[in-house]
Every structure is written in structure tokens, then in C-alpha cells.
Amino acid sequence: MSNFSLSIHQTGLSAQQTLLNDYRLAWISREASLLGRKEVLTGKAKFGIFGDGKELAQIAMARAFKKGDWRSGYYRDQTFMMAIGELTVRQYFAALYAHTDIEQEPASGGRQMGGHYATRTIDNQGQWKNLMEMYNSSSDISPTGGQMPRLLGLAQASKVFKNVQELHDWVQFTDKGNEVAFGTIGDSSTSEGLFWETMNAAAVLHVPMCMSVWDNGWGISVPKKFQTAKESISEVLSGFELNDNGEGIKIFKVKGWNYAELVLTYAKAVKLCREQHVPILVHVEELTQPQGHSTSGSHERYKSKELLDWYQDWDCLVQFKKFILAQGISSEEELEAIQQEAKAFVRQEQKDAWSSFRASIDEDVQTTKAHFESAKSIAACVPIADAFIKAKEPGRKEMMSSIHQILRAAKGSPEIQVLSQWAQFLNDKYTRLYSSELYNEGPLSVMNVQPVEAEYEAQAEMVDGRMILRDFWDYQLGKRPEVLIFGEDVGKIGGVNQTCEGLQEKYGEFRVADTGIREATIMGQAIGMSMRGLRPVAEIQYLDYIYYALQIMRDDLASVRYRTAGGQKAPAIISTRGHRLEGIWHSGSPMGAIVNSVRGMVVCVPRNMTQAAGMYATLLESDEPALVVECLNGYRSKEAMPKNLGEYRTPVGIAEVVEPGEDLTLVSYGSTFHICAAAVKELRAEGISIELVDARTLLPFDTSGICGASLKKTNRLLIVDEDVPGGASAYLLNDILTRQGGYQYLDSAPVTLAAKPHLPAYGSDGDYFSKPSIEDVIDSVLGIMKEAKPDNFA
Ligand SMILES: Cc1ncc(C[n+]2csc(CCOP(=O)(O)OP(=O)(O)O)c2C)c(N)n1
């Protein structure tokens, strides 16, 4: 049989056929779970986590799911994905084996373990597909509860599409906001803060979010009594229950083995959600877990015999069979035949998936073996070659390792020259398979955006920095209906630093909005809305508070493109402000922690608001997710107002030589840049000529090697920032010396000057003794120069 869709969305079927089709699908999914576990236990796949026991609820949910709708769920949802026609049995096994071909494993190209689902929302060029012609699933992540913040954004997009008139003709993305975002979560994962934060925000925002809790009573080995107050998530959420004013969440409870009740409940719940944008909770109780949690361990260790017996009797497929028989729709024999047919079908699809997976590796294995036969003319290579030639179904790892060993054993002998080229070819090929698409590699890459210089009138007006940003956002909001700005205090008062002053009045509260104090779901709003074609700019009020959102920024936003092998994008812009102010949680600059957490995002550290606006303009022309850290002390500094505000674009990934010099290269960024500039001025008076370089962006950093080129000229290097020692300064140092090859130009030891390792103490004196000062910069420069010219700097 072929790799065919199991979609339940077929027309023209009788009620009886529909029921039997659902029965067939449920059994196909169950057989896939049973066989999936065997595939792991016999060593063909690494790990398995399956959806057995949850089949009926997911078929019912799929019945209410329409094209244009979205899912944000977790690893139990295989039946749902099959039911909407977005997962074939062959793809399911391909994922289990980590097949790297996206035709075979479209969710992640083998990058994610099985059970992590996604549809492909962008084409090979990175352009949006028509999302209204598709059933959409955002890409799953493993941290339990991590699907929640994104779900909020997916649902909120409908709200925005409904209420922003200019977006009504965005028919590729919406039908005037009638799309529902469906969430799924296990009952134990509702213990996560992200769940509660999302439920509250959904109720406040009144968004079309339909949240299902698959309740099987356990989180691996920990039962519900240690997870959920009163052992019932719907009961403890009852304070959210929808009231007569239409506020809150409509809560439904339904048994996971009751097909008829499930179908009716979802139909009713989703209608309300879709038509009135009422958030929904469907608490699906009494679900079983026939095979236990996952392939790691057996549940017999911690579940009682009574419970396991109960699983047998109340298995949703057993109950479904009873239901069908009671309706008189089918006979016992006919249902048995469907079950056997499902089993045979799944077995065949598994075999085909395995053959296809092996074929994708074996073509290279065969060529490698042929090269190894030739290499056997070298005695030292014989045992290595023979071992590989004999190996049964070797993987790419074994292949590359054996090639490497042969090349070493052959010690550069001319016979292995062709093998060496083959190794290079494979290396390039596998690097693409496993490491491509961290950033956009297509036309919408931020590196392809053409920079445009800021221009000024002869007598440019000097304004507070914040006014440049305010006027910039005014320009963008006016030009692009898809741009939205939101965050704590952003709406009514226009931001704590007034960078959005007056914009809510002008563009309305769906485009310039206040949010609750909930950084993780602010991040989620940005992720979900950007996945649906909008261009959200989410503000995290202060850099120090980004830690609340850092987990979701790392695990979700930064990895979207990579973990889908280029199948999805989320071009969200996260705007925050940080670095130097005075206060232990108002002046942090944890840039090393951030850049090492969010590879896959762009990280901009503009030194002033002119540059910040230019970077936002560049980012809006590309589709990379980005973080922009504005300088907290720059909003009231005077800057000249550019006359082409909104149109000029500051390059990203390119450092800037701000002052040329000969004796030493000083690299900095953000707020410390200004301290360095002041120190450079003083030192120039003492005859030291410093080349001052602004890093401008930390991810990507200095792609054209401006710092390395400067070091080649000056032979001395000082890097200054206000992160902890070994933070972003070490990251920059490593890049300049190793990737850019700067080590070879050093005449003296390179120096990093960072803040103290503790959080910065409060007050001006606290700041002075916690962060690099002008004096510290001067001393660092003099220290380096003394070593170089001891006579001149005694
Ligand atoms: C944040 C996080 N903590 C721990 C884990 C390990 N883990 C994976 S699944 C799981 C249990 C989840 O239980 P539940 O939410 O009830 O879903 P179920 O597997 O029962 O469907 C745990 C603890 C994880 N993946 N993520």
C-alpha cells in the first residue's frame, strides 16, 4: 500500500462509513504505537513516545479542526495528526528512525525525536504558503508546557485579523480571524507555570484558543495527587468559568473513551470558540496509557494491578467497539477484520519506511565500501576496512568514523586521495543535513537586506533618543498593517520610556497594546503571531526580566527554523532595554548568557536610538527572529533626527569602525561604547591612537571581519562590555582571535574588561564599582601600552 493520507476530512461518506473509518484510523494509530515500541526495543529507533490510549479524543478534536486552524500540542498527538491528513504511517516511522529526507519526514527532517509534529508553512525559498488551504501545526518542543505560550499567540492572531480592518484581505493567512488555535497538554504538565500564565492571558485577551488536557492521571511515575490541587484541573480552573458577561473560559469535561460524547463536545466547544472567540478548556478524563509513558522503562514498576486491569476494560478502543456494536452498525467479525487490516497495513508501512531510511544511507555506504576495497592495498587499512564492510546496517556515524580511521592509517598515501575527496563530499552533505537552517539561508536572510544610510537636514533637529523610536514606529505602523507592538505599559502610556507615545490612540488597541506582567507569554504572543504572517514587536520591559522568557525564547523561538529543517518561521522581534542604569535588577547586561542561549536569532546591541531604529528597519525587511537591546540610558540623550526615518537601514552582522586609530583596537557595544568613546578622547590627548569599533550586533557578529582587520593593523586588542567576566566579552574575543584568525597579529596579550561577577550594586557609587568606568578603560589601555612601549608609559 502507498504512503496515503489518513484524513478524516472526506466528504460524501454515510454516518456508518464515517464511524467505521474512525474505527480503522484509531486502530491504525494504535498499531503504530505498538509496533513503534517494538522498533525501539529491537534497536532500530532510539526512543519512542506514543499516543496510545488517546485515539478517540484526538479524532473528535480533528473533526472540529478546519483548514486555516492551528495546533500547538505535544508528543501524544499522532492520531490527531493522522486524522487531519498531515501524518502518514510511513512518516510516523520515518521520524522514529530519524530519516533526514524532508519528503519522508516533513516535520523536522529527522532532527526531532518521533512524536514531535509540524506542518511545513513556508516553501523552499522561505516564503509563506497559503495557510488557509492547509491544516496547520506549529512545531512541537519537548519541554512540557512549552507549547503553551506559542498557543496564545496563535490564537491571538485571529483576534488581530478579526479586528484590524486592513488585514481582512490577507486571505492567505486568515478568513477575518475565524481560525481556532488548538492546544493539547498532558494533565501533569498543567503543573507548569506556563500553563497557568497562558490560561489567564487567554481569558484576559478573549482569544479563540481551544485547550485540551489529555488526562491519564500520571506524569511518568508521579500520580495526579502530587501534580494537581484537588486532583482535577477543570475543578481548580473553575474560577475561570465563563460568566454572564462573557468573561473567562468555557470549561468542558468529557470521558476519553466515550466517542459520541467526545464528538459532540468538540463540535459545541469549537463552534463557540470560533464564532465568539471564547477560550475553551476541554478536560478529557479517564484516558489510559496502554504501554506506559515511553520506551524508557515499564509502568508496571509503579502502577497497581487494579489500574492496569482498568486500562484494559476502559481502553478507548475497547469502548469504541462496544459502542459500534451497540449501534448495530457492524458485526464483531467485521470489526475484527478492520483491526487485522490495520495491523497488516501498519506493518507494511513500517517496512517501507525502514527500507527508505536504509536506502538513504546505503547509497553512501556502498560507495564507501567500494573505496575501502581500494584502500585495502595499504596493509594498515585492511582491518578497519574489513570491519566496516562486514558491519550490518551501519549508520552515517560508523561510516564517517571508519573513513577517518582509514585516512589516518593511510598516512597521506596517494591511493586514498579519492577517498579523501569522498570524505569531504560526505562531510559537506551531512553538515547540511544536520546543521543547516539555523538562520535563514534564502532571499529573506537579514544578511541580504541592503543597508541605507541615515540622512540629515543641514540643520538637523536634536531630539531625545526616544523620539526617534517613537517616530520610527509611527512610520512602520502607518506603512504596514501587520506590524503590532505590545508589552507592559506599551499601550496607554506609550511605554515606560515613551517610545510608543500616542501610537495606541492613532493605531488602536489591537496594534499597540498593553499586556499583563507575564514575560514568557509575551514571548509566546510574538512567536504565535509571527508564525501566522504578522510582524509582532514584543517588548520585554527590562533586559533583566528577560530571564522569565529566556527559556521559551531559546527552546521555541530561536529553534523554529532549525527544528523544522526550514519548514516554519517565526519572524518575531523582541525589543528590550538594558545595560547601564542604577539598580541591581535594572542594569544587568547578561549578553553572554543570551547569545549562548538563542543561536538561531539575531541579537542587536545598538549604541543609540538612531542605530536601533535602523536595525528595526533592517529586521522588518528580513524574516529572522531577533532581539534588540536598546540602551536604557539613551532615551533622553540628544540625537540628530534623520530625515529618512523608517527608510534608512543599519546593517546587521557588520561591525563599524567609529574612530580610526593605529595603536590599539578597542571593541565595545551598547552603553559601554560611550564610556570607551570618552576614554579614547582622553587617551588621544596623551598620544595614544585607538581604533574604536562598535560590534553593533552580537548574533551574527562581525561577519566581514572588521575587528580582525583592525587588529592586523594595530596588533593590540581590548574588548569592553558590562557583562560578567567571561561573558559576551569572551565570546567576542574567541571570535576575533580564532574564527577571524586575529591571534596571529597580536603583539601583546589581548584584554577583556567586563563588569564584576556580581549583580551590579545600586546607586551611582555602586554602579561605578560594579561596571567598567572611564578610568578602568584608560587603565586597561595604559596597561597594554606599557607592556608594548615601557619607556613611553612609565
Ligand atoms: C520541562 C520538562 N520537565 C520534564 C520533562 C520530562 N518529561 C517528559 S514527559 C513527562 C511527563 C508528562 O506528563 P503529562 O504532562 O501528564 O503527559 P503524558 O506523558 O502523561 O501524556 C516528563 C516529566 C520534560 N520533557 N520537560
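Residues numbered from 1 in each chain as written. Predicted model: local features only at pLDDT ≥ 70, side-chain atom pairs only at ≥ 80, totals over all residues. Heavy atoms only, no water.

**Q** Would you take a moment to explain the sheet that holds strand 21 (residues 717-720) for this structure?
**A** Taking strand neighbours across the sheet as the criterion, the five strands line up as 17-19-18-21-22 in an open arrangement whose pairing is mixed. Each having just a single partner strand, strand 17 (656-659) and strand 22 (751-753) make up the two edges of the open sheet. The average angle at which neighbouring strand axes cross in this sheet is 25 degrees, direction not considered. The sheet contact formed by strand 18 (residues 664-668) and strand 19 (residues 690-694) spans five bridges and is parallel. Looking at the pairing, T665 lines up with E691 of strand 19. This element, helix 22 (residues 670-685), spans strand 17, strand 18, strand 19 and strand 21 of the sheet and lies at about 170 degrees to strand 19. Packing of helix 24 (residues 728-739) onto the sheet brings it into contact with strand 18, strand 21 and strand 22, and relative to strand 21 it is tilted by some 150 degrees. (Pairing = 2+ DSSP bridges. Helix = DSSP H or I, 4+ residues; strand = E, 2+ residues; numbered from the N terminus. Axes fitted to C-alpha atoms, helices over the stretch in contact; angles between N-to-C directions. Contact = heavy atoms within 4.5 Å.)

**Q** How should the nonpolar core be read in this particular structure?
**A** Note on soluble globular proteins: their nonpolar side chains tend to be buried together. The biggest cluster of nonpolar side chains holds 89 residues, and the ones touching the most others in it are F93, C210, Y266, I280, V284, I403 and I406. When residues of this core are assigned to their parent elements, the largest contribution, 12 residues, is made by helix 11 (residues 332-375). Discounting residues that sit within four places of it in the chain, I406 has contacts with F372, A375, C381, I384, A385, I416 and L419. Listed in part, the 87 residues of the second largest apolar core include M209, V693, C707 and Y731. (Core = buried A, V, L, I, M, F, W, Y, C linked by side-chain atoms within 4.5 Å. Buried < 20%, exposed > 50% of the residue type's maximum accessible area, 1.4 Å probe, protein only.)

**Q** In this structure, what is going on with the pattern of salt bridges? I would like to understand it.
**A** A side chain of one charge can pair with a side chain of the opposite charge if their charged atoms are brought near each other. A full pass over the atoms with the stated rule returns 47 salt bridges. Here R63 and D22 are joined by a salt bridge, their closest N and O atoms 2.8 Å apart. You can see R63 sitting in helix 2 (residues 55-63) and its partner D22 sitting in helix 1 (residues 15-41), a full 41 residues away along the chain. Classification of R63 as partly exposed rests on a relative accessible area of 29%. Ionic pairing is found between E179 and R532, a salt bridge with its closest N-O pair at 2.7 Å. Here R532 lies in the loop between helix 17 (519-531) and strand 12 (535-540) and E179 lies in the loop between helix 5 (147-163) and strand 3 (181-186), a separation of 353 residues in the sequence. The pair E179 / R532 is uniform in exposure class, with both members buried. Salt bridges linked by common partners bring R466, R470, D471 and E501 together as one network. (Salt bridge = Lys/Arg side-chain N within 4 Å of Asp/Glu carboxyl O.)

**Q** Quick question: what am I supposed to make of the site of the ligand here?
**A** Near the ligand there are 17 residues, and of these Y74, Y75, R76, S188 and S189 occur at the shortest range. Its free accessible area being 580 Å², the ligand has 71% of it covered by the protein chains. Split by residue class, the shell around the ligand holds five nonpolar, nine polar and three charged. (Near = heavy atom within 4 Å. Areas by Shrake-Rupley, 256 points an atom, 1.4 Å probe, with all protein chains shown as cover. Nonpolar A, V, L, I, M, F, W, Y, C, P; charged D, E, K, R; others polar.)

**Q** Explain the sheet that holds strand 13 (residues 573-578) to me, please; I cannot follow it from the model alone.
**A** Note: strands within a sheet are paired through backbone hydrogen bonds, in either parallel or antiparallel orientation. Pairing is mixed across the open sheet formed by seven strands, whose spatial order is 11-10-12-13-15-14-20. Two strands lie at the open edges of the sheet, namely strand 11 (512-514) and strand 20 (697-699), each paired on one side alone. Neighbour to neighbour, the strand axes of the sheet diverge by 20 degrees on average, direction disregarded. Of the pairings in the sheet, the one linking strand 13 to strand 15 (residues 626-631) comprises six bridges and is parallel in character. Note on strand 15: the bridge partner recorded for S575 is V628. Relative to the sheet, helix 17 contacts strand 10 (483-487), strand 12 and strand 13, its axis offset from that of strand 12 by approximately 170 degrees.

**Q** Please explain helix 13 (residues 396-410) as it appears in this structure.
**A** Given 3.6 residues per turn, any residue in an α-helix points the same way as the ones three and four places further on. Its 15 residues give helix 13 an end-to-end C-alpha distance of 21 Å, which sits within 8% of 21 Å, the value for a rise of 1.5 Å per residue. If you check which residues of helix 13 are buried, you get R396, M399, M400, S402, I403, I406 and A410. One side of helix 13 holds all its buried residues, which, seen down the axis, span an arc of 160 degrees. Relative to its buried face, helix 13 has exposed residues pointing more than 90 degrees away, namely K397 and R408. If you follow the buried residues of helix 13, they end up packed against helix 11, helix 12 (382-390) and helix 14 (417-435). Downstream of helix 13 by a residue or two, K411 has a phi angle that is positive, lying close to 45 degrees. (Expected span 1.5 Å × (residues − 1). Arc of directions from axis to C-beta.)

**Q** What is the right way to look at the pairing of strand 13 in this model?
**A** Regular strands place their side chains on alternate faces of the sheet. Of all the six residues making up strand 13, six are buried; the element is thus mostly covered by neighbouring parts of the structure. Both strand 12 and strand 13 contribute to a ladder of four bridges, which runs parallel. Note on strand 13: the bridge partner recorded for I540 is T576.

**Q** Explain the packing of helix 11 against helix 13 here, please?
**A** For any two helices packed against each other, one specifies the crossing angle of their axes together with the interaxial distance. Orientation of helix 11 relative to helix 13, taken along the N-to-C sense of each, is 20 degrees, at an axis distance of 10 Å. Judged on the interaxial angle alone, helix 13 and helix 11 are roughly parallel. Between helix 11 and helix 13 lies a crossing whose hand is left-handed. Between helix 11 and helix 13, the residues in contact are S360, I361, D364, V365, T368, F372 and A375 and R396, M399, S402, I403 and I406, respectively. Partitioning the contact of helix 11 with helix 13 into residue classes produces seven nonpolar, three polar and two charged. (Parallel < 35°, antiparallel > 145°, perpendicular 65-115°, else oblique. Left-handed = near helix turned anticlockwise from the far one by under 90°.)

**Q** Which parts of the structure should I look at to understand the side chain of E624?
**A** Within the fold, E624 resides in the loop between helix 21 (609-621) and strand 15. Not counting chain neighbours up to four residues away, the residues in contact with E624 comprise Y439, N440, S445, V446, P571, A572 and V602.

**Q** How should unusual backbone geometry be read in this particular structure?
**A** Cis geometry marks the peptide bond from L699 to P700; its omega dihedral reads -10 degrees. Within the secondary structure, P700 is located in the loop between strand 20 and helix 23 (706-714). The residue E231 is not glycine, and still its phi comes out positive at about 55 degrees. When you line up the elements, E231 lands in the loop between strand 6 (222-223) and helix 7 (233-236). Non-glycine residue Q498 carries a positive phi angle of around 65 degrees.

**Q** Would you explain the packing of helix 13 against helix 14 in this entry?
**A** With their axes 11 Å apart at the nearest point, helix 13 and helix 14 run at an angle of 150 degrees to one another. As summarised for this structure, helix 13 and helix 14 are arranged roughly antiparallel, according to the angle between their axes. Two packed elements cross with a definite hand, and for helix 13 against helix 14 that hand is left-handed. Within the contact between the two elements, helix 13 uses R396, M399, M400, I403, I406 and L407 and helix 14 uses L419, S420, W422, A423, L426, N427, Y430, L433 and Y434. Taken together, the residues of the contact of helix 13 with helix 14 break down into 12 nonpolar, two polar and one charged.

**Q** How should the packing of aromatic side chains be read in this particular structure?
**A** Each aromatic ring pair is specified by the distance between its two centres and by the angle formed by the two planes. Tallied over the full model, the rule gives 27 aromatic pairs. Arranged with centres 6.4 Å apart and planes meeting at 45 degrees, the rings of F50 and Y92 form a pair that is tilted. With F50 in the loop between helix 1 and helix 2 and Y92 in helix 4 (residues 89-97), the pair connects residues that are 42 residues apart, well separated along the chain. What makes F50 buried here is its relative accessible area of 5%. Seen from their ring centres, W473 and Y616 are 4.7 Å apart, and the 55 degrees between their planes marks the pair as tilted. Of the two residues, W473 is situated in helix 15 (residues 465-479) and Y616 in helix 21; the sequence distance between them amounts to 143 residues. The burial state of W473 is the same as that of Y616; both residues are buried. Ring pairs connect the aromatic residues F50, Y92, F93, Y97, W354 and F357, which therefore count as one cluster. (Phe/Tyr/Trp six-rings, centres within 6.5 Å; stacked < 30°, edge-to-face > 60°.)

**Q** What is the right way to read a negative patch on the surface from this model?
**A** Together, E682, E686, E775 and D779 line one region of the surface with negative charge. Its location among the elements puts E682 in helix 22. (Patch = residues over 30% accessible without salt bridge, like charges linked within 9 Å, V, L, I, M, F, W, Y side chains within 5 Å. Lys, Arg positive; Asp, Glu negative; His and termini not counted. Charge placed at Lys NZ, Arg CZ, Asp CG, Glu CD.)

**Q** Is there a simple way to explain the environment of L335 in this structure?
**A** Looking at where L335 falls in the secondary structure, it is placed in helix 11. Each C-alpha atom of the pair L335 and A385 lies 53 Å from the other, and the pair is 50 residues apart in sequence. Beyond its immediate sequence surroundings of up to four residues, L335 is in contact with L20, Y23, K321, I324, L325 and S330.

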